[in-house]
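Results of the structural survey
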Amino acid sequence: TRIDATAQNGIWISETGDLETGAIASTGNSVNLTATGSILDADPGVVINVRGPALNLSAGTGSIGLSGHALRIDASVAAGALNASALTGINAIDLSAGLGIGTVTSATGAIALATNDTSASGENIVFGASSLLVATLGDVTLNVGDNIILPVGGVIRCSLDPARESSATLIADYAAIDADSGVGA
């Protein structure tokens, strides 16, 4: 069942099974979504599925977004704005500007995060000194419109399984034909 919600002072939604997002937005506080299954996009016609200054997403036995069908989000560019955990993978794109990373983990799947790449500047992915992005048994892919900002102490880690070949692919200014030449390059 599709869920739509709008609030000023925060949103807390817990779903047994899959949480199918329509448009969920908080203007003044965090959006907190928990599902025992997956957190998915219920309507490709909705521009942004989950919007708030901070997003806390937890998909128990499932994924956040799907491979080839990212959850469309809008979180602050401040480090710590996105905290997400999923068993089988995370695929999300911030369509509004940059994205700040807190703790983002997937136990058995890949993590793919992206921002738009337009002529605007600031379409960055920003880590803090204690930010953690870990795909325990999967690959990591960042497709960033401008810059990847990773200070000392911030961590990006892909598969910890020595028997599995894995990769971390970090691409800044990925649509090189855009009008913000030199930004992210």
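Here the structure is shown first, and the text comes after it.
Cut-offs used in this document
Residues numbered from 1 in each chain as written. Predicted model: local features only at pLDDT ≥ 70, side-chain atom pairs only at ≥ 80, totals over all residues. Heavy atoms only, no water. Helix = DSSP H or I, 4+ residues; strand = E, 2+ residues; numbered from the N terminus. Rg over C-alpha atoms; globule rule 2.2 N^0.38 Å. Buried < 20%, exposed > 50% of the residue type's maximum accessible area, 1.4 Å probe, protein only. Contact = heavy atoms within 4.5 Å. Areas by Shrake-Rupley, 256 points an atom, 1.4 Å probe, with all protein chains shown as cover. Lys, Arg positive; Asp, Glu negative; His and termini not counted. Charge placed at Lys NZ, Arg CZ, Asp CG, Glu CD. Pairing = 2+ DSSP bridges. Core = buried A, V, L, I, M, F, W, Y, C linked by side-chain atoms within 4.5 Å. Polar contact = N/O pair within 3.5 Å; in protein donor to acceptor, adjacent residues only side chain to side chain. Salt bridge = Lys/Arg side-chain N within 4 Å of Asp/Glu carboxyl O.

This part takes up the overall build of the protein chain. Counting its regular elements, the protein chain contains zero helices and 17 strands. Since a compact globule built from 185 residues should have a radius of gyration of about 16 Å, the 15 Å found for the protein chain is in line with a globular shape. Referenced to the eigenvectors of the C-alpha coordinate spread, the extents of the protein chain come out at roughly 40 × 40 × 30 Å. Looking at the protein chain as a whole, 46% of its 185 residues are labelled buried. Across the protein chain, the fraction of contacts at a sequence separation of at least 24, relative to all contacts at a separation of at least 6, is 45%. Total accessible area on the protein chain stands at roughly 7900 Å², and carbon and sulfur atoms take up 55% of it. If the 5 positive side-chain charges of the protein chain are averaged to one point and the 17 negative ones to another, these points end up 5 Å apart.

In this section: the pairing of strand β8 (residues 71-74). Neither face of β8 is open: one carries Leu71 and Ile73, the other Arg72 and Asp74, and all of them are buried. Pairing of strand β6 (residues 50-51) with β8, which is carried by two bridges, proceeds in the parallel orientation. When the bridges of β8 are listed, arginine 51 appears paired with aspartate 74.

To continue, consider the nonpolar core. Grouped together as the largest cluster of nonpolar side chains are 37 residues, with contacts concentrated most on Ile24, Leu33, Ile39, Leu57, Ile64, Leu82 and Leu113. The biggest single contributor to this core is strand β13 (residues 125-135), with four residues. What leucine 33 contacts, discounting residues up to four positions off in sequence, is Ile13, Leu19, Thr21, Ile24, Ile39, Val50, Asn56, Leu57 and Ser58.

Turning our eyes to something else, we now look at the side chain of arginine 72. Position of arginine 72 relative to the elements: it lies in strand β8. What makes arginine 72 buried here is its relative accessible area of 12%. A polar side-chain atom of arginine 72 sits 3.0 Å from the main-chain carbonyl oxygen of valine 47.

The next thing to look at is the side chain of serine 131. Counting through the fold element by element, serine 131 comes out in strand β13. Among the polar contacts made by the side chain of serine 131, one reaches the main-chain carbonyl oxygen of isoleucine 101 at a distance of 2.6 Å. The residues touching serine 131, leaving out its near neighbours within four places in the chain, are Ala79, Ile101, Gly102, Gly153, Gly154 and Val155.

Our next topic: the pattern of salt bridges. What the rule picks out here adds up to five salt bridges. We note a salt bridge from arginine 72 to aspartate 41, for which the minimum N-O separation is 2.7 Å. In this pair, arginine 72 is assigned in strand β8 and aspartate 41 in strand β5 (residues 39-41), connecting sequence segments 31 residues apart. The class of aspartate 41 is buried, set by a relative accessible area of 12%. Where aspartate 139 meets arginine 164, a salt bridge forms, and the shortest distance between an N and an O atom there is 3.4 Å. Linking aspartate 139 in the loop between β13 and β14 (140-144) with arginine 164 in the loop between β16 (155-157) and β17 (168-172), this pair joins segments that are 25 residues apart in sequence. Using a relative accessible area of 24% as the deciding quantity, one classes aspartate 139 as partly exposed. A single salt-bridge network, built from bridges that share partners, covers Arg2, Asp4 and Asp43.

Let us now look at the pairing of strand β7 (residues 55-59). Where burial is concerned, the two faces of β7 differ: the one with Leu55, Leu57 and Ala59 is buried and the one with Asn56 and Ser58 is not. Strand direction decides the pairing type here: β7 and strand β9 (residues 82-86), joined by five bridges, are parallel. Within β9, the position partnered with alanine 59 by the bridge is alanine 86.

So, on to the environment of leucine 66. Along the chain, leucine 66 turns up in the loop between β7 and β8. With a relative accessible area of 42%, leucine 66 lands in the partly exposed category. Distance from leucine 66 to isoleucine 39, taken between C-alpha atoms, is 9.1 Å for residues 27 residues apart in sequence. Apart from the residues within four sequence positions on either side, leucine 66 is in contact with Leu40 and Asn91.

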